[in-house]
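Architecture at a glance
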Amino acid sequence: MNEKVHVVNHPLVAHKLTILRDKNTSTKDFREIVSEIGMLLTYEATRDLPLTTREIETPICKMEAPILRGKKFAVVPILRAGLGLVDGVLRMVPSARVGHLGMYRDEETMVPVQYFCKMPRDIAERDVLIVDPMLATGGSADAAIQIMKGYGCANIKLMVLVAAPKGIQVVQERHPDVDIYCGAVDQGLNENSYIVPGLGDAGDRIFGTK
Ligand code: PRP
Ligand code: URA
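This write-up is about the structure you can find in this document. Computed from a prediction, not measured in an experiment: that's the story for all the values here. (Residues numbered from 1 in each chain as written. Chains lettered and ligands numbered in written order. Predicted model: local features only at pLDDT ≥ 70, side-chain atom pairs only at ≥ 80, totals over all residues. Heavy atoms only, no water.)

The full set close to ligand 1 counts 15 residues, and Arg105, Asp132, Ala136, Thr137 and Ser140 are the nearest of them. One of the side-chain N or O atoms of aspartate 132 is found 2.5 Å from an oxygen atom in ligand 1. One of the side-chain nitrogen or oxygen atoms of threonine 137 is found 2.5 Å away from an oxygen atom of ligand 1. For ligand 1, whose unbound accessible area comes to 500 Å², protein coverage reaches 91%. Under a 2 Å grid-point criterion requiring more than half of the atoms, the pocket assigned to ligand 1 is the largest pocket. Of all the secondary structure elements, the ones that give two or more residues to the shell around ligand 1 are β6 (100-105), β9 (134-135) and α4 (139-150). (Near = heavy atom within 4 Å. Polar contact = N/O pair within 3.5 Å; in protein donor to acceptor, adjacent residues only side chain to side chain. Areas by Shrake-Rupley, 256 points an atom, 1.4 Å probe, with all protein chains shown as cover. 1 Å grid on protein atoms, 1.4 Å probe; cavity = no way out; pocket = protein on both sides within 12 Å on 5 of 7 lines; lining within 4 Å. Sits in = over half its atoms within 2 Å of the grid points. Helix = DSSP H or I, 4+ residues; strand = E, 2+ residues; numbered from the N terminus.)

A few words on a nonpolar patch on the surface. On the surface, Tyr104, Tyr115 and Phe116 cluster together to form a nonpolar patch covering roughly 320 Å² of accessible area. Classification of phenylalanine 116 as partly exposed rests on a relative accessible area of 39%. (Patch = residues over 30% accessible without salt bridge, like charges linked within 9 Å, V, L, I, M, F, W, Y side chains within 5 Å. Salt bridge = Lys/Arg side-chain N within 4 Å of Asp/Glu carboxyl O. Buried < 20%, exposed > 50% of the residue type's maximum accessible area, 1.4 Å probe, protein only.)

Right, let's talk about the site of ligand 2 for a bit. Every residue close to ligand 2 is listed here: Arg105, Met134, Ala136, Ser193, Tyr194, Ile195, Gly200, Asp201 and Ala202. At 2.8 Å from an oxygen atom of ligand 2 is found a main-chain nitrogen or oxygen belonging to alanine 202. When isolated, ligand 2 has an accessible area of 240 Å², and the protein chains bury 89% of it. The cavity where ligand 2 resides is the largest pocket. Grouping the amino acids of the shell around ligand 2 by side-chain chemistry returns five nonpolar, two polar and two charged. (Nonpolar A, V, L, I, M, F, W, Y, C, P; charged D, E, K, R; others polar.)

With that settled, consider the layout of surface pockets. Within this model, the largest pocket holds a volume of roughly 770 Å³. Lining of the largest pocket is provided by 31 residues; of these, Tyr104, Arg105, Tyr194, Asp201 and Gly203 occupy positions nearest its centre. Contributing elements (two or more residues each) for the lining of the largest pocket: β4 (73-79), β6, β9, α4, β10 (156-163) and α6 (202-207). A per-class count over the lining of the largest pocket returns 16 nonpolar, eight polar and seven charged. (Points joined across faces, edges and corners; volume = space filled by probe spheres on them.)

Let us now look at the packing of helix α2 (residues 27-45) against helix α3 (residues 83-92). One way to put it is that α2 packs onto α3 with a least axis distance of 7 Å and a crossing angle of 45 degrees. If you check the angle between α2 and α3, you find them oblique. For the pair α2 and α3, the sense of crossing is right-handed. Here Val34, Ser35, Gly38, Met39 and Thr42 of α2 come into contact with α3, specifically with Gly84, Leu85, Asp87, Gly88, Val89, Arg91 and Met92. By residue class, the composition of the contact of α2 with α3 is five nonpolar, five polar and two charged. (Axes fitted to C-alpha atoms, helices over the stretch in contact; angles between N-to-C directions. Parallel < 35°, antiparallel > 145°, perpendicular 65-115°, else oblique. Left-handed = near helix turned anticlockwise from the far one by under 90°. Contact = heavy atoms within 4.5 Å.)

Time to look at α3. Regarding α3, the residues found buried are Gly84, Leu85, Val86, Gly88 and Val89. Close packing links the buried residues of α3 with α2, β4, β5 (97-98), β8 (127-131), β10 and α6.

We now examine the nonpolar core. Ranked by internal contacts, the top residues of the largest apolar core, which has 32 residues, are Leu17, Leu20, Ile37, Met159 and Leu161. Mapped onto this core, the elements with two or more residues apiece are α1 (11-21), α2, β4, α3, β8, β10, β11 (179-185) and α6. Counting residues per element, this core draws most heavily on α2, which supplies six residues. The residues contacting isoleucine 37, other than those within four sequence positions of it, are Val13, Lys16, Leu17, Leu20 and Leu161. (Core = buried A, V, L, I, M, F, W, Y, C linked by side-chain atoms within 4.5 Å.)

Right under this line is the structure:
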C-alpha cells in the first residue's frame, strides 16, 4: 500500500461498518448505513476539489468567501451494489452526474461480466468517482477503471467500503494513477473470493435478494 490508498480511520465509519458486518442487521438498516458511510467517505474522496471565491456580504461586512470551482464531477456505481453508495455521494455533491456500469462476477471464474453501460455524454471531461461497496479480487474494479479510461477519463478515483489486500494490490499494479478510498482493509479472501471478515454479499444485503 502507498499514499494512493486512503483508509478512512474515523470512529463514525468504524462504528457504522460494524453494524454492516453484523449478519443480524436488517435490509433497511443495511441500506441506510451504506448510504451514510458513502457520505462520510465522499468527504475524504473530495478533499482536493478546487475552490475559488465569490464576494458575499455577511451581516457584518463584505468578504471574499470560498466556493467550489464547479469542476465537472461524475459518480459511477458498479451495479448492483454500487447503487447503494450513490445517494451518499449526491448528498455531498448534488450537481454530480451519474454513469451506470452493470457488472457481475462469474461465480465460477470470478471474472467480471459487463451487462450495462450508460455514461453522461461529456464523461471524458469529468472527474470520475467509481463506487462499489466491495473490493475483493479487484477484477470488477480493474475492469471498471479500464472502461472509464477507454472513455478518455483522466482523473479517476475508486471508493469502496471494505477492501481486501489482494484487490488493492491488483488495482495498484494495473492503475497506479488511481486513488483508492476505503473504510477498512480486511484480512483476505475465502475460498469463494468473499472478503474475510467482510460483510457478506453486499448486493444481496442492500436489495434483500437472499
Ligand atoms: C460484488 C461487488 C463488486 C464485486 C467485487 O458484485 O459489489 O462489484 O463483487 O468482487 P471482485 O473485486 O472480486 O471483482 P457482484 O458480482 O456480487 O454483483 P452484484 O453487485 O450485482 O451483487
Ligand atoms: N462481493 C461481495 O458482495 N462481497 C464480497 O465479500 C466479495 C465480493
